[in-house]
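An overview of the molecular structure
Now for the letters of each chain:
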Amino acid sequence: AHSQRITEGEDGPEESQRARDKDLRNLVSNLPYEGLDKAKQPNRYFPSNAIKTTKYTLLLFIPMNLYEQFHRWANIYFVGLAILNFVPVVNAFQPEVALIPICVILSLTALKDAWEDFRRYQSDRKLNNTPCFIYSRKEKQYIDRRWKDVRVGDFVKVLCNEIIPADLLLMHTSDPNGVCHIETANLDGETNLKQRKVVPGLCNSDSEFDPESFSGIVVCEKPNNNLNHFKCYKPDKEKVGAGIESLLLRGCTVRNTDHAVGFVVYAGHETKSMLNNNGPRYKRSKLERKLNTDVIFCVILLLSMCLVGAVGHFLWLQALPGVPPYLVPDSNGHLDSPSLSGFYMFFTMIILLQVLIPISLYVSIELVKIGQIFFITNDIDLYDEETDSRMQCKALNITEDLGQIEYIFSDKTGTLTENKMVFRRCSIMGTEYPHKENAVRLAVLDEPETEEEVIFNQRPRPPQTGWSLNAEDTIPEDRQHRHGSRRKSKVSGNAQSDVAFSSPLETEVIPDRKLLQQISRPECSGGASRQTDPYLDFFLALAICNTVMVSMATAQRRRVSVPFTRKPKQNRTLSEDSVIEEDHFNPPVKTEGTGDTNGLQTCTLHALSRYNRPAATSDNLSYEAESPDEAALVHAAKAYGFILLGRTPDSVTVRLPSGEELVFEVLDTLAFDSNRKRMSVLVRHPITREYVLYTKGADYAIMDQHSEHLSGSQKNIAADTQHHLDCYAKEGLRTLCFTKKVVSDKAYESWLVNRKSALAAIDNREELIMDSAVQLETNLSLLGATGIEDRLQESVPDTIVALREAGIQVWVLTGDKPETAVNIGYACRLLEEEDLVINMSCENKVRRPLSASLEEVRRYSQDPRNVDTTPDISLVIDGRTLTMALSSDLQDRFVELARRCRSVLCCRVTPLQKSRVVKAIREKLKVMTLAVGDGANDVNMIQAADIGVGISGQEGMQAVMASDFAISRFKHLKKLLLVHGHWCYTRLANMIIYFFYKNVAYVNLLFWYQFFCGFSGTAMIDYWLMIFFNLFFTSVPPIMFGIMDKDVSAEMLLGVPELYRTGRGAGEYKRSTFWVSMLDAFYQSLVCFFIPYLAYQDSDIDVFTFGTPLNTISLFTILLHLSIEIKAWTVVHWLTMLGSVAVFFIVTLAYSATCITCNPPSNPYWILQSQMADPMFYLICIITTVVWDFCGAHVRKVKRHCLPLFKPIQPHNYIICVLFWSVHLTYADH
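Residues numbered from 1 in each chain as written. Predicted model: local features only at pLDDT ≥ 70, side-chain atom pairs only at ≥ 80, totals over all residues. Heavy atoms only, no water.

1. Side note on the overall build of the protein chain
The number of helices and strands found in the protein chain is 40 helices and 36 strands. Counting across all 1230 residues of the protein chain, residues that qualify as buried make up 55%. Considering only residue pairs separated by 6 or more positions, the protein chain has 75% of its internal contacts joining residues 24 or more positions apart. Surface exposure of the protein chain reaches about 53400 Å², of which carbon and sulfur atoms provide 56%. (Helix = DSSP H or I, 4+ residues; strand = E, 2+ residues; numbered from the N terminus. Buried < 20%, exposed > 50% of the residue type's maximum accessible area, 1.4 Å probe, protein only. Contact = heavy atoms within 4.5 Å. Areas by Shrake-Rupley, 256 points an atom, 1.4 Å probe, with all protein chains shown as cover.)

The following block contains the structure:
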């Protein structure tokens, strides 16, 4: 965090100190101080706009990187041993040689870190040097500068399609209404345009704006990472406040606005976008925590072996009859006592046997995880063609945890469903309109296409500006025109992302015949009574009560279109208005398609004049909505002739079915929040001049504010509407209620005072604003309700069933009402028809029903008829009951009840409740959890789980940016967990166990040799070859084993989801498996040592001649052990295996031929060459390998019994073992 000082402005130090006390900052313009020294600049304490995301500098890279690497205890351990080897009395071999392994590991890691930091440096430099326009008082104009030159207090001008360089308070725009449109996709992934308006009271949106005319102080809050909130005011005579609606955020793009001028309030690392840039997520996996425990066991084992060596050396010296000539005293003729020599030998043995702790294991694990991520992200089955997106891995070190998931917590809207809202039904004044014609259209859209059918040139339907009572007549044409499933109606991802919620499924609505006749009555379309008609008010509420922005279809974002050529086997649908955004700096263009008989789609580019825009007709309007619900409602109103033509901060224009245009003055917009669960728009009626409040929201939020003093007819309307809402919910539809309230002049004036005070407040601003909204939203008159369908995504039921068969419990946490959620639960097979469903919905006391339900579930589980069966119990609980159930005294009971249920469905829950549920299950049951969602309301839940998965849907990218993994469809979760999760865990677990086996088996050769050299710490293998053995000869095959091995095929894992259970929990990496592998390594090291020892016993060979066959046999047995562990052989495995053997012989032969005294006084010269000329060398290698494999076969049988699933040796391995198979069969009978 940077310094948060507040500069002293014109009001003096007292005002500045008061602002300091409130955690505020005072900002003044830099223009009066232009050219002065930095010490005289009032905004000098604030950081510049230059950013620096690098971790290192050129001069301090080495010390800082070493400091980072020494956070790992393994690195400190090996550096300590290397330093210990420089002590003469305990050194085991040349001190310089001991530094080689740790130096290689540290250097490779440093190179990786340096490359990553250099890439960050290049990105920073490119961003800091981006051009922008800053106003200069000397030049009297905006001059061309760079982003890094921007300072707090500057005036910056941003042109259309340019990215905003800093957080700017909007002072002026080219729009006469003082509006600037921005696209926030770089921040939250939302592609719809958002409006920002000029700060009231600071500047006027005149055609000419002079920054030098700005004076005074702007007081704003300290920087924070909340993208949706901002507080600021100007302490003039009348305190004027501004919020996020007047702030242009760094990283956003200006759209549909020629230029905008802003005052810099936050720069550089204090901008909201930079404060939200937390970098990659780092978590510790469950397997890594187990690994650390086993490393401690290895340390204990190492200390035990060293203790044996120290005691053995002491006893050996005690048993000597005299002083042997090879024990050389020091310069004073003093010889250490046996006890002191034994003490020194303890440390010498630590240095000699240090490889028992696998130094290269951590680096190998990182490489394996990188390889696993590469294959996951490039899996074609996890690629979504419609959105042109593939799997993303954002947390690089928890891939193996995907194979350990026990609980999945899922959002509903946009995660299980498409988040494409389709208008289905509505209820107006107690009368229900089912829209059967529209249901037929939707059924047509669901008909599957043939594989060869591709639509390129579609004949557009004429726009429906009026109504036709013969709605059925349009259906055959519609069937022919719109044939095909919504899933296949797709172009490129860019085309889709241009305008959100704009597919034909969402935008086209066929009016209901009965409702069409009702609103076509003369008294509804004209006359004085028209202003009080509830049907008119209902559709006006649909068109007005939202934040939908309107633009011409020809004046949207700047795009360029290119010719498309029809390909014979390409299965795509291309609409006539499809365009692809290519260049932000090209003039706006429009695509006009004409088809020819050869299947060629030709496109014409027409540059649009900024001042020659077409008239606003219903067919060239484009709606930019922040949510799919709003888009669906506006398109529904448009279908009935209530067309939203335009929206400014101060007005909204609607065309009525008669063609008359009404311009409503917008007095205020009471935005939606999660507490009120509704939004309102206060307008002034253009004809009656009344203050009218239109409100929409959740049914329970509206009904609570409904007038308590209702007449008989109004009560009947409310009851009928509630009945319709319940029916909609049972059908799985999303429901909204609409109301109207006429506000008197006196009430409005009184309310306006409180509203202005709340908007200008700094402390508790959000609470005051919400209180002012609640104050007005009372005694509402009910108009009607709507039912909107959000369809399930493809293959959601199959995915949930497969996850359940894999032993994973699936929970759904949604904000929908229980009836809607239960309907969706049955549709996606979260709930089954034969399930015993426990519904928990309590007003105030939950202890008794919770205890009763838990007791009933326990009795069910204890019933002998239900033993060893999957419990078919499901729990449905609402948000109010969940709050009480998660209290400290009831949480254990709730968790116990939920644990015994197969599925849990939580309704009416808030984002905070979602995260509390995940934390409670994870902490109480000690299970691995995964949370999946697609919207900003799922971020808390995603971050609370062990693994967070974001779905890149229609609600932006907030969930994706907060997640560990990102997918585009819920169905991808099936292969991600059941296949890749299983593979990642089993591969890494087996590789880690193999690493321990390899190191222990090799180090024990040195340990057994100590029994024959007086425990003197001598090695029979050349030190350089010992180092090369782990660094080069045996390092690559286990890495490839960890990346590419497949114990079970993907088809088998998907077809038999129960196989996922075998790898979960302890899985491959059991404690027993670890110790059996250690026993295997000890046992086989005895075989590999004593067969050559007995063969060369009583001979006159030197120590290196004895050690060379041992080194060779170790290579063969270790690689052969790995070859038996490999379940699926590939060309890569063969190359790495044979390559390791080839590298061993090439390097050893070259070393023996060139290194005469590399390790004085030893002489390894020509050792291997002499051995390879001796038949005894080959005989020993063959016999030892055969005996090792015979002994190892029995150990492998023990290991198989330790595993939950028997895994037979694959046929590929028979090829390797064919020489020894007869030996196995011979002894198997005995």
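What follows continues from the structure just given.
2. Considering the packing of aromatic side chains
For any two aromatic rings, the description comes down to two numbers: the centre-to-centre distance and the angle of the planes. In the structure shown here, the tally under the stated rule is 54 aromatic pairs. Considering the side-chain rings of Phe1028 and Phe1033, the 6.4 Å spacing of their centres and the 70 degrees angle between planes classify their relative orientation as edge-to-face. Each member of the pair, Phe1028 together with Phe1033, is buried. Linked through ring pairs, Trp1024, Phe1028, Phe1032, Phe1033, Phe1116, Phe1144 and Phe1145 together constitute an aromatic cluster. (Phe/Tyr/Trp six-rings, centres within 6.5 Å; stacked < 30°, edge-to-face > 60°.)

3. Topic: the sheet that holds strand β16 (residues 417-428)
Sheets are built from strands that pair by backbone hydrogen bonding, the pairs being arranged parallel or antiparallel. The strand order across the open sheet built from nine strands is β17-β16-β29-β28-β27-β26-β25-β24-β23, with neighbouring strands paired in antiparallel fashion. Where the open sheet ends on each side, the last strands, each with one partner, are β17 (431-433) and β23 (643-648). Direction aside, the axes of adjacent strands within the sheet are offset by 30 degrees on average. Both strand β24 (residues 651-655) and strand β25 (residues 661-670) contribute to a ladder of five bridges, which runs antiparallel. Counterpart to Ser651 in the pairing with β25 is Glu665. Each of β16, β23, β26 (678-684), β27 (691-697), β28 (733-743) and β29 (781-792) is contacted by helix α17 (residues 628-639), which is oriented at about 45 degrees to β16, the strand it contacts most. (Pairing = 2+ DSSP bridges. Axes fitted to C-alpha atoms, helices over the stretch in contact; angles between N-to-C directions.)

4. Some thoughts on the pairing of strand β15 (residues 407-410)
Covered by surrounding structure in β15 are Tyr407 and Phe409 together with Ile408 and Ser410, the residues of both alternating faces. Pairing analysis gives four bridges linking β15 to strand β30 (residues 809-813), with the strands arranged parallel. Paired with Phe409 across the bridge in β30 is Trp811. Looking at chain direction, β15 and strand β34 (residues 929-933) are connected through four bridges and run parallel. Directly across from Ile408, in β34, lies its bridge partner Leu930.

5. A word on the packing of helix α7 (residues 286-319) against helix α30 (residues 972-1010)
At a closest axis distance of 12 Å, the pairing of α7 and α30 adopts a crossing angle of 10 degrees. Considering their axes alone, α7 and α30 lie roughly parallel with respect to each other. Mapping the contact onto sequence places Leu287, Lys290, Leu291, Asp294, Val295, Cys298, Met305 and Val308 in α7 and Tyr985, Leu988, Ala989, Ile992, Phe996, Val1003, Asn1004 and Phe1007 in α30. Tallied by class, the residues present in the contact of α7 with α30 amount to 13 nonpolar, one polar and two charged. (Parallel < 35°, antiparallel > 145°, perpendicular 65-115°, else oblique. Nonpolar A, V, L, I, M, F, W, Y, C, P; charged D, E, K, R; others polar.)

6. Considering the packing of helix α32 (residues 1036-1044) against helix α36 (residues 1103-1125)
Where α32 meets α36, the axes come as close as 11 Å, and the angle between the chain directions of the two elements is 10 degrees. One element, α32, and the other, α36, form an angle in the roughly parallel class. Packed against α32, whose contacting residues are Pro1037, Pro1038 and Phe1041, the element α36 presents Leu1119, Leu1122 and Glu1125 at the interface.

7. As for the pattern of salt bridges
With the rule as written, the count across this model stands at 37 salt bridges. One salt bridge in this structure joins Asp144 and Arg146, with 3.8 Å as the shortest N-O distance. A salt bridge links Lys914 to Asp938; its shortest N-O distance comes to 2.8 Å. Of this pair, Lys914 sits in helix α27 (residues 911-925) while Asp938 sits in the loop between β34 and α28 (939-944), placing them 24 residues apart in sequence. Neither Lys914 nor Asp938 differs from the other in exposure class; each is buried. One continuous salt-bridge network, built from bridges that share partners, spans Lys412, Asp629, Arg734 and Asp816. (Salt bridge = Lys/Arg side-chain N within 4 Å of Asp/Glu carboxyl O.)

8. Some thoughts on the pairing of β29
Counting buried positions along β29 gives 11 out of 12 residues, so the element sits mostly inside the fold. With eight bridges connecting them, β16 and β29 associate as antiparallel partners. Across the sheet, the residue bridging to Thr417 is Leu792, located in β29. Pairing between β28 and β29: eight bridges, direction antiparallel. The residue of β29 that forms the bridge with Thr735 is Gly787.

9. Considering the nonpolar core
Within the largest apolar cluster, 97 residues are counted, with the highest numbers of intra-cluster contacts made by Leu291, Leu353, Met991, Ile992, Phe996, Met1020 and Tyr1069. Two domains each put at least three residues into this core: domain 2 (60-126) and domain 3 (288-319 + 338-356 + 997-1060 + 1068-1205). Those residues in contact with Phe996 that lie beyond four places of it in its chain are Leu291, Asp294, Val295, Cys298, Pro358, Leu361, Tyr1069, Phe1074 and Met1078. By size, the runner-up hydrophobic cluster in this structure holds 51 residues, among which are Met421, Val550, Ala631 and Ala632. (Core = buried A, V, L, I, M, F, W, Y, C linked by side-chain atoms within 4.5 Å. Domains from an automatic or database assignment.)

10. Thoughts on the confidence of the model for the protein chain
In the predicted model, the protein chain carries a mean pLDDT of 79, and 79% of its residues have values of at least 70. Note on residues 553-615: pLDDT under 50 across the span, and 132 contacts to partners over four residues away in sequence or across chains. Segment residues 1201-1230 is flagged for pLDDT under 50; beyond a separation of four residues in sequence, or across chains, it makes 43 contacts in the model. (pLDDT = per-residue confidence, 0-100.)

11. Quick word on the sheet that holds strand β36 (residues 965-967)
Strand order in this open sheet of nine strands is β14-β36-β35-β34-β15-β30-β33-β32-β31, and the pairing throughout is mixed. Two strands close off the open sheet at either side, each with one partner strand: β14 (392-393) and β31 (836-840).

12. Structural notes on α32
Counting buried residues along α32, seven of its nine residues qualify, which places the element largely inside the surrounding structure. Among the residues of α32, those classed as buried are Pro1037, Pro1038, Ile1039, Met1040, Phe1041, Gly1042 and Ile1043.

13. Remarks on a nonpolar patch on the surface
Taken together, the side chains of Leu59, Leu60 and Met64 make up a nonpolar region of the molecular surface, amounting to roughly 320 Å² of accessible area. In this structure, Leu60 sits in the loop between β1 (24-27) and α2 (61-69). Leu60 sits in the partly exposed class, given a relative accessible area of 46%. (Patch = residues over 30% accessible without salt bridge, like charges linked within 9 Å, V, L, I, M, F, W, Y side chains within 5 Å.)

14. A few points about the side chain of Asp124
Along the chain, the position of Asp124 falls in helix α4 (residues 95-128). It turns out Asp124 is buried and unbridged, and the closest side chain with the opposite charge, Arg120, is 6.8 Å from it. There is a polar contact of 2.7 Å between the side chain of Asp124 and the backbone nitrogen of Thr53. Aside from chain neighbours lying at most four places away, what touches Asp124 is Ile51, Lys52, Thr53 and Thr54. (Lys, Arg positive; Asp, Glu negative; His and termini not counted. Polar contact = N/O pair within 3.5 Å; in protein donor to acceptor, adjacent residues only side chain to side chain.)

15. Describing unusual backbone geometry
Unusually for a residue other than glycine, Arg908 sits at a positive phi of about 55 degrees. Residue placement: Arg908 occurs in the loop between β33 (903-907) and α27. For Arg908, a relative accessible area of 23% translates into the label partly exposed. The phi angle at Phe1015 is positive, at roughly 50 degrees, despite the residue not being glycine. Mapped onto the elements, Phe1015 comes out in the loop between α30 and α31 (1023-1033).

16. Re the state of the cysteines
Taken as a whole and judged by the stated rule, the model has zero disulfides. No disulfide involves Cys232; its nearest neighbouring cysteine sulfur is the one of Cys220, lying 6.0 Å away. Taking the relative accessible area as the measure of exposure, Cys232 reaches 3% and is therefore buried. (Disulfide = S-S within 2.5 Å.)

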